[in-house]
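# Close look at the chain arrangement
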There are 2 protein chains.
Amino acid sequence: MSAILLYELAGADADLRFSSYCWRSRLALLHKGLSFETIPWRFTDKEAIAFSGQGHVPVLVDGETVVFDSWAIADHLERAYPEAPSLFGGSAGQALTRFVNAFVDGVLNPVIGRMIVADIARIVHEKDRAYFRASREQRFGEPLEAVSARRETDVASFRLWLDPLRRVLADQPFLGGAGPMYADYIFFGSLQWARCVSAFELLAGDDAALFDWRERLLDAFDGNARRAPHAG
Amino acid sequence: MSAILLYELAGADADLRFSSYCWRSRLALLHKGLSFETIPWRFTDKEAIAFSGQGHVPVLVDGETVVFDSWAIADHLERAYPEAPSLFGGSAGQALTRFVNAFVDGVLNPVIGRMIVADIARIVHEKDRAYFRASREQRFGEPLEAVSARRETDVASFRLWLDPLRRVLADQPFLGGAGPMYADYIFFGSLQWARCVSAFELLAGDDAALFDWRERLLDAFDGNARRAPHAG
């Protein structure tokens, strides 16, 4: 069997892997019980993943197969390893996980990004700094520090938007039910993104349902996510 | 086999069944292919459903079993009729449908309610009018007409909130995948609620993915939802 490789976004510290999308893919590989190696990648390392035909991570190399985009990677793993634990729990589960994916990508990640973008600018590799600041300041139309300075306000709406997840976790231990599924990793990847780069706490201290769920996922797979280098 | 009865919220016109939650249950029964009768119920008919131990519809009577709350009704139907088409597609699908349920209940329905509450006040039965206006004006803290007067602004954020669903429907015909599942009925029930009581259009005319999906659900089950009396 060929080795499985996962290219992950890294900071100046090569062990600081902070992309929410890369965390989804790493946890999907762990969920499937597959052996894999990760390769640190920086924003400006376009040539290193040019073989994938595009310029973003995660990129998965599974033998002869190259897959980019976290959703496509999860879909590939589910098809290629049907005997391993399912990421979706069937076709309806996969269809509904798409909704979770779209909700987190479109609603949660933008506000998290605003809250932590100034922190990210501090942890990226020196060779990425100018690119990161210029591209994000163009996106936001103002200095990154000004964007993140509003995070005390942003975090209040962020916590409101977690309400659907909070309601579900009041009734079951994981979004996927009795055990974690890919839908859990989608949400968790976003919280882990923030935890890796920032000391700013996204969850309120008394938000027990969400807090305990995050703890369970930090502990999953021998504490893989908990042991990862982080700022928070 | 005993008859199945579904108590549904009705307007002054007994055939005007407008509750989003009752639509979820009706479509769940149709999905399961079950024969059932519906019974019109008004807000102040508390005695008529006192046998259920509470005062809200939908209430399902399935032989000796009485179930209230739309989620509990769907769960009951899935357990009681396992051979009929599944509403959830397995345990992961059901777990994830809870998230859709929480999202629609907590995020979408409140904004839809504000947009159409003045319309609802016009179509409720005469005996419900005073109760409906007083209870809703207490909730909103202002006249219902003032609440709904802001709907041109509210509809813009409402349409943004539909973005996760819109993204999914760009890739697959139903939220549940190739065919409709209970998650579809949850979203659709809310649009049908508005359609039944109001001429105000919630979807933009060029919102093809959502518009076409709604059309497919209006046509489902021999056009049951399309044929229902409505204002919109």
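Shown above is the structure to which this text applies.
Here's a quick rundown of the structure. (Residues numbered from 1 in each chain as written. Chains lettered and ligands numbered in written order. Predicted model: local features only at pLDDT ≥ 70, side-chain atom pairs only at ≥ 80, totals over all residues. Heavy atoms only, no water.)

Here we come to the packing of helix α3 (residues 91-123) of chain A against helix α4 (residues 129-140) of chain A. All names here are of chain A. Where α3 contacts α4, the axes come no closer than 10 Å and their chain directions differ by 160°. Of the possible angle classes, the one that applies to α3 and α4 is roughly antiparallel. Crossing angle aside, the handedness with which α3 passes α4 is left-handed. For the pair α3 and α4, the contacting residues are Arg-114, Val-117, Ile-120 and Ala-121 in the first and Arg-129, Phe-132, Arg-133, Arg-136 and Phe-140 in the second. (Axes fitted to C-alpha atoms, helices over the stretch in contact; angles between N-to-C directions. Helix = DSSP H or I, 4+ residues; strand = E, 2+ residues; numbered from the N terminus. Parallel < 35°, antiparallel > 145°, perpendicular 65-115°, else oblique. Left-handed = near helix turned anticlockwise from the far one by under 90°. Contact = heavy atoms within 4.5 Å.)

Turning to the sheet that holds strand β2 (residues 37-41) of chain A, a few remarks are in order. Residue and element names in this part refer to chain A. Pairing is mixed in the open sheet, where four strands are placed in the order β2-β1-β3-β4. The open sheet has two free edges, formed respectively by β2 and β4 (65-68), since each of these has just one partner strand. Taking the axes of each pair of neighbouring strands and ignoring which way they run, one obtains an average angle of 20° across the sheet. Note that strand β3 (residues 59-62) and β4 share four bridges and pair antiparallel. Its bridge partner being in β4, Leu-60 is matched across the sheet by Val-67. (Pairing = 2+ DSSP bridges.)

What follows deals with the interface of chain A and chain B. Between chain A and chain B, the residue contacts involve 28 residues of the former and 28 residues of the latter. Interface area, chain A with chain B, both sides summed: about 2,200 Å², of which 76% is carbon and sulfur. At the boundary of chain A and chain B, one finds two salt bridges. Our enumeration of links across chain A and chain B arrives at four residue pairs in polar contact (both at pLDDT 80 or more). Counting only elements with at least two residues in the side of chain A that touches chain B, the list comes to α3, α7 (163-169) and α8 (182-197) of chain A. Looking at the side of chain A that touches chain B element by element, the count peaks at 13 residues for α3 of chain A. In the side of chain A that touches chain B, the residues fall into 17 nonpolar, seven polar and four charged. (Buried area = accessible area lost by both parts, 1.4 Å probe. Salt bridge = Lys/Arg side-chain N within 4 Å of Asp/Glu carboxyl O. Polar contact = N/O pair within 3.5 Å; in protein donor to acceptor, adjacent residues only side chain to side chain. Nonpolar A, V, L, I, M, F, W, Y, C, P; charged D, E, K, R; others polar.)

Our next topic: the environment of Leu-5 of chain B. All names here are of chain B. One can find Leu-5 in strand β1 (residues 4-9). Judged by its relative accessible area of 22%, Leu-5 is partly exposed. Distance from Leu-5 to Phe-51, taken between C-alpha atoms, is 13 Å for residues 46 residues apart in sequence. Apart from residues lying up to four places away in sequence, Leu-5 is in contact with Glu-37, Ile-39, Val-59, Leu-60 and Val-61. (Buried < 20%, exposed > 50% of the residue type's maximum accessible area, 1.4 Å probe, protein only.)

All names here are of chain B. As summarised here, the arrangement of the four strands in space is β2-β1-β3-β4, forming an open sheet in which the pairing is mixed. The sheet is open, and its two borders are formed by β2 (37-41) and β4 (65-68), each paired with just one other strand. Pairs of neighbouring strands in the sheet enclose a mean axial angle of 20°, with direction left out of account. In the sheet, β1 pairs with β2 via five bridges, with the strands oriented parallel. Within β2, the residue paired with Glu-8 across the bridge is Pro-40. Docked against the sheet, helix α1 (residues 20-31) engages β1, β2 and β3 (59-62), running at close to 155° with respect to β1. Docked against the sheet, helix α2 (residues 70-80) engages β3 and β4, running at close to 140° with respect to β4.

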